[in-house]
Amino acid sequence: MPELPEVETVKNVLKKNLIGLKILEVDVNYLDMIKTNLKEFKEKLVNENFIDIKRYGKWLVFETSNYYLVSHLRMEGKYYYTKRCELENHEHVVFKLDNGYFLRYKDVRKFGVMYLVDKDKLFIDTPLKNLGYEPFNNKLDVDYLMDKFKNKRISIKTVLLDQEIISGLGNIYVDEVLFKSSISPFKKANLLNRLECQKIIDTSREILSAAIKHGGTTIRSYTSSLGVTGNYQNYLLVHTKKICSICNSGIKVSKINGRSTYYCPNCQGEANE
């Protein structure tokens, strides 16, 4: 699943291509993907101009003249900006643009979702209303995390994946943050102290900033269409690794709440600690 750095990269590249363009037609080939009124979704977007593209957590927000088009890529969603007219398999939403190009949304697993809302309803009628602070938000501080963690008697790995607590972190970056913070992914969130919370904040900002700089980790799927090559996978310290770069002991892989979790038992502690 694309995480904050990947979605940020997609946003920046789409922004270079779409700003100022007008939508002439909208075709929806998988109706369940649209989470607001389908008829209004198609009709209201016609003759709208793209004026900005924003990102909140893992969500893309396309600002048009009068509305916000809110999109989540989920597991495998991809946007293509192309002159190709032929519809390919798994292309579920297609926007015809006034420069002869198409913006095509492709999603093999059909998990992606889209909302169209009035500009004053962005944080009322979409899931954005439930998002926690991003790591870059100054409001994400130790007091905030201590308050959010105090009643969480579940693993810190599970809690950090909760977008209502911190938005933007996914499986890869949570592994990296906990490794660099020397915190066991199995440790119950309510047992973390203030120093550990500060480490999570600092390393989240450091790692996400570096990942954005390198175009993300899982962004290769977009290379053919948007000219993006993500290579942060070359800088990962623990996720998918076999040997710890700090102590040279073996990296272990375990399932936490169904998610593959990479950790160093020597640097971070074992599952029962």
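Residues numbered from 1 in each chain as written. Predicted model: local features only at pLDDT ≥ 70, side-chain atom pairs only at ≥ 80, totals over all residues. Heavy atoms only, no water.

1. Here we look at the layout of surface pockets
Empty space within the largest pocket amounts to approximately 210 Å³. Along its surface, the largest pocket is lined by 12 residues, and Met-1, Glu-3, Gly-170, Asn-171 and Arg-259 are the ones closest to its centre. A class-by-class count of the residues in the lining of the largest pocket yields 4 nonpolar, 5 polar and 3 charged. The volume enclosed by the second largest pocket comes to roughly 160 Å³. If you go around the second largest pocket, the residues you meet are Thr-36, Asn-37, Glu-40, Phe-41, Lys-44, Tyr-67, Leu-116, Val-117, Asp-118, Lys-121 and Asp-125. Within the residue set of the lining of the second largest pocket, elements represented by two or more residues are helix H2 (38-45) and strand S8 (113-118). Broken down by class, the residue content of the lining of the second largest pocket amounts to 4 nonpolar, 2 polar and 5 charged. (1 Å grid on protein atoms, 1.4 Å probe; cavity = no way out; pocket = protein on both sides within 12 Å on 5 of 7 lines; lining within 4 Å. Points joined across faces, edges and corners; volume = space filled by probe spheres on them. Nonpolar A, V, L, I, M, F, W, Y, C, P; charged D, E, K, R; others polar. Helix = DSSP H or I, 4+ residues; strand = E, 2+ residues; numbered from the N terminus.)

2. Observations regarding the sheet that holds S8
Spatially, 4 strands are ordered S2-S3-S4-S8 in an open sheet, and the strand pairing comes out antiparallel. Single-partner strands in this sheet number two, and they are strand S2 (50-56) and S8. Strand-to-strand twist across the sheet, computed as the mean angle between neighbouring axes with direction ignored, equals 20 degrees. Bridging between strand S3 (residues 59-64) and strand S4 (residues 67-72) involves 5 bridges; their strand directions are antiparallel. Bridge pairing in S4 places Trp-59 opposite His-72. Its contacts with the sheet place helix H1 (residues 4-18) against S2 and S3, and it is angled at close to 175 degrees to S2. (Pairing = 2+ DSSP bridges. Axes fitted to C-alpha atoms, helices over the stretch in contact; angles between N-to-C directions. Contact = heavy atoms within 4.5 Å.)

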